[in-house]
Protein chains: 2
Amino acid sequence: MSKFENVTVIKQANVYFDGKVTSRAVIFGDGTKKTLGIMLPGEYEFGTDAKEIMEILAGDLRVLLPGSSEWIEIQGQGEFTVPANAKFKLEIRTVTDYCCSYIAE
Amino acid sequence: MSKFENVTVIKQANVYFDGKVTSRAVIFGDGTKKTLGIMLPGEYEFGTDAKEIMEILAGDLRVLLPGSSEWIEIQGQGEFTVPANAKFKLEIRTVTDYCCSYIAE
């Protein structure tokens, strides 16, 4: 079972879209941050501050990356990267478990 | 902001009730475990293995503890304890953020 060791977890959840998207922050020893989250079925638009690497741990969804007109399908596991200061759209079809890494540039 | 330091986080979420209840496990240096979770509005029955201390970080809900006929109301923050090997019911009215501690006896 994959796990993060020697980390700090922020107790309070981040809640978006009436709780249909929620996450919790994990801070690593080097100061970097990831969030572990859940998305329930629905359509969402998100904006980034930092560059983000979204790892889908489980789910059925599609993503429209900024500047793209083609949706990317992910069923099961997958990964996509979103540049800093950008918007992207998600269509979530089944409960989706994810890990988002924030990348300083 | 309250946080747990020097802990291990299990990456994969626990998903119950079609994702309306989800949580992630946090393991402490002494081997004890908590889960940090989210419950969306609905009615749920849960069963315990170990004794559980449920800390409500935010929410609006009521709980029916085993052997009790009176619902306990929690609005905002609160806490209740459920014995080992017991069942309890929850009625969740708003998105509820919780921290559950598992107590070995």
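For the structure, see preceding data.
Residues numbered from 1 in each chain as written. Chains lettered and ligands numbered in written order. Predicted model: local features only at pLDDT ≥ 70, side-chain atom pairs only at ≥ 80, totals over all residues. Heavy atoms only, no water.

Below, the discussion takes up the relation of the copies chain B and chain A. Mapping chain B onto chain A is achieved by rotating through 180 degrees and translating by 0.0 Å along the same axis, at an RMSD of 0.0 Å. The transformation just described matches what one would write down for a two-fold rotation axis. Rotation axis and chain B: the residue whose C-alpha lies nearest the axis is Asn6 of chain B, separated from it by 2.2 Å. (Least-squares fit on C-alpha atoms with pLDDT ≥ 70 in both.)

Of the residues lining the interface, 28 residues belong to chain B; the matching set on chain A comes to 28 residues. Between chain B and chain A, the buried area comes to about 2,400 Å², and carbon and sulfur atoms account for 64% of it. The largest per-residue losses of area from chain B upon contact with chain A belong to Val9, Lys11 and Arg24 of chain B, which jointly make up 26% of the total buried on that side. Across the contact surface, chain B and chain A share four salt bridges. Between Glu55 of chain B and Lys11 of chain A there is a salt bridge; the shortest N-O distance is 2.9 Å. Counting across the interface, chain B meets chain A through 15 residue pairs in polar contact (both at pLDDT 80 or more). Put simply, the parts of the chain that give the side of chain B that touches chain A at least two residues each are β1 (3-10), β3 (21-27), β4 (33-39), β6 (51-64) and β9 (87-103) of chain B. Among the elements that take part in the side of chain B that touches chain A, β1 of chain B stands out by supplying eight residues, more than any other. Its residues placed into classes, the side of chain B that touches chain A shows 14 nonpolar, seven polar and seven charged. Sheet topology places strand β1 (residues 3-10) of chain A next to β1 of chain B; five bridges connect them, and they run antiparallel. Bridging across to β1 of chain B, Ile10 of chain A finds its partner in Lys3 of chain B. (Contact = heavy atoms within 4.5 Å. Buried area = accessible area lost by both parts, 1.4 Å probe. Salt bridge = Lys/Arg side-chain N within 4 Å of Asp/Glu carboxyl O. Polar contact = N/O pair within 3.5 Å; in protein donor to acceptor, adjacent residues only side chain to side chain. Helix = DSSP H or I, 4+ residues; strand = E, 2+ residues; numbered from the N terminus. Nonpolar A, V, L, I, M, F, W, Y, C, P; charged D, E, K, R; others polar. Pairing = 2+ DSSP bridges.)

Moving on to the side chain of Glu52 of chain B. Residues and elements named next belong to chain B. Structurally, Glu52 can be placed in strand β6. Buried and without a salt bridge, Glu52 has Lys33 as its closest oppositely charged side chain, separated by 8.1 Å. Filtering out sequence-adjacent residues up to four positions away, Glu52 remains in contact with Gly47, Phe80, Thr81, Val82, Phe88, Cys100, Ser101 and Tyr102. (Buried < 20%, exposed > 50% of the residue type's maximum accessible area, 1.4 Å probe, protein only. Lys, Arg positive; Asp, Glu negative; His and termini not counted.)

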